[in-house]
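Observations on the model geometry
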Amino acid sequence: MARKRTTETDADDLPRYFVWVRGLEGPEPQKWTAMDFGVSDWKRPLVLVWLELAEDERNLSLSMLARRYPPPRVESL
């Protein structure tokens, strides 16, 4: 499938944040469009670190962002 070119209107639909969340086996990387973790109380304790992405980083793959911004150290319970 051919990838379509990103336009100005599509730029708002791209993920704006790179987030490390608490997973079952340690920190897990995610890309979020909006920082809505403050709205839902259940998400707040899951967020370990968040970073607003620059426009040129929004198209990067999740694995590339995870290498660029390594996971935080998390104390095991």
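Residues numbered from 1 in each chain as written. Predicted model: local features only at pLDDT ≥ 70, side-chain atom pairs only at ≥ 80, totals over all residues. Heavy atoms only, no water.

Okay, the nonpolar core next. Listed in full, the six residues of the largest apolar core are F18, W20, L53, L60, L65 and A66. Secondary-structure elements contributing two or more residues to this core are β1 (17-23) and α2 (62-68). Once residues lying within four places of it in the same chain are set aside, the contact partners of A66 are F18, W20 and P29. Core analysis: the second largest hydrophobic core is formed by five residues, Y17, V21, W32 and V47 among them. (Core = buried A, V, L, I, M, F, W, Y, C linked by side-chain atoms within 4.5 Å. Buried < 20%, exposed > 50% of the residue type's maximum accessible area, 1.4 Å probe, protein only. Helix = DSSP H or I, 4+ residues; strand = E, 2+ residues; numbered from the N terminus. Contact = heavy atoms within 4.5 Å.)

A few words now on the pattern of salt bridges. This model, assessed by the stated rule, comprises two salt bridges. Put simply, R16 and E52 hold a salt bridge, and the shortest N to O gap is 3.4 Å. Placement of R16 in the loop between α1 (8-11) and β1 and of E52 in strand β3 (residues 47-52) is noted, with a sequence separation of 36 residues between them. A residue is classified by how much of its surface remains accessible, and E52, at 43% relative accessible area, is partly exposed. Ionic pairing is found between R68 and E57, a salt bridge with its closest N-O pair at 2.9 Å. Of this pair, R68 sits in helix α2 while E57 is found in the loop between β3 and α2, placing the two residues 11 residues apart along the sequence. Residue class for R68 comes out partly exposed when judged on its relative accessible area of 44%. The class of E57 is buried, set by a relative accessible area of 7%. (Salt bridge = Lys/Arg side-chain N within 4 Å of Asp/Glu carboxyl O.)

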